Amino acid sequence: TSEGFTSKIQQKETHEWRYNKEGCPETMLRIKNTTDTTIVKFVCDSRGNVTEEESRRHNVSKEKIYYYYDTLNRLTDVVRYHDRLAKLLPDYMFEYNDKGQLAQMITVQQGGSDYIVWQYTYADNGLKTRELCLTKQRKLAGKLEYRYTSGGK
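Residues numbered from 1 in each chain as written. Predicted model: local features only at pLDDT ≥ 70, side-chain atom pairs only at ≥ 80, totals over all residues. Heavy atoms only, no water.

## Structural notes on the state of the cysteines
Next, step 1: Applying the stated criterion across every chain yields a total of one disulfide.
Next, step 2: Across the disulfide from Cys24 sits Cys44; the S-S distance is 2.2 Å. The disulfide joining Cys24 to Cys44 has a torsion of about -115° about its S-S bond and is therefore left-handed. On the criterion of sequence distance, the pair formed by Cys24 in the loop between β3 (13-19) and β4 (25-32) and Cys44 in strand β5 (residues 36-44) is long-range, its members being 20 residues apart. (Disulfide = S-S within 2.5 Å. Helix = DSSP H or I, 4+ residues; strand = E, 2+ residues; numbered from the N terminus.)

As structure tokens, then:
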């Protein structure tokens, strides 16, 4: 449920998931304000990875999203068809470091050619220590730094 800061307008969205016996999602109902339902259908590969997602509303296909993985079963790309350019283009691209941790994520801005690069660094214990947000021109747009302390008294 979300609500405007200065408004009394409230939006409610519920997701109802259904899985097959192997644990892969088959469908998800996205219900907005209890009346507006979009059906999302999924296709999984033999390794249990979701490879395709199709949204349908009023029995009309809205879009298909495709998911690609590397040989280690890690998500590498989330791709959709762009009508204006008449081709498949990535929305997200993921790169991993030699320890298998997410090292970089590129997010393409919807409907444009602009993108944001997120770079991640980790401590030796595997905890994230920093996130850098860079523009397409590789200028720093934001930075998050993490410090961890023990929770004892």
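## A look at the environment of Tyr68
Next, step 1: Positionally, Tyr68 belongs in strand β7 (residues 60-69).
Next, step 2: In sequence terms Tyr68 and Thr107 are 39 residues apart; their C-alpha atoms lie 15 Å from each other.
Next, step 3: Other than its neighbours up to four places away in sequence, Tyr68 contacts Arg74, Leu75, Thr76, Asp77 and Val79. (Contact = heavy atoms within 4.5 Å.)

None of the figures reported here should be taken as evidence of function without further support.
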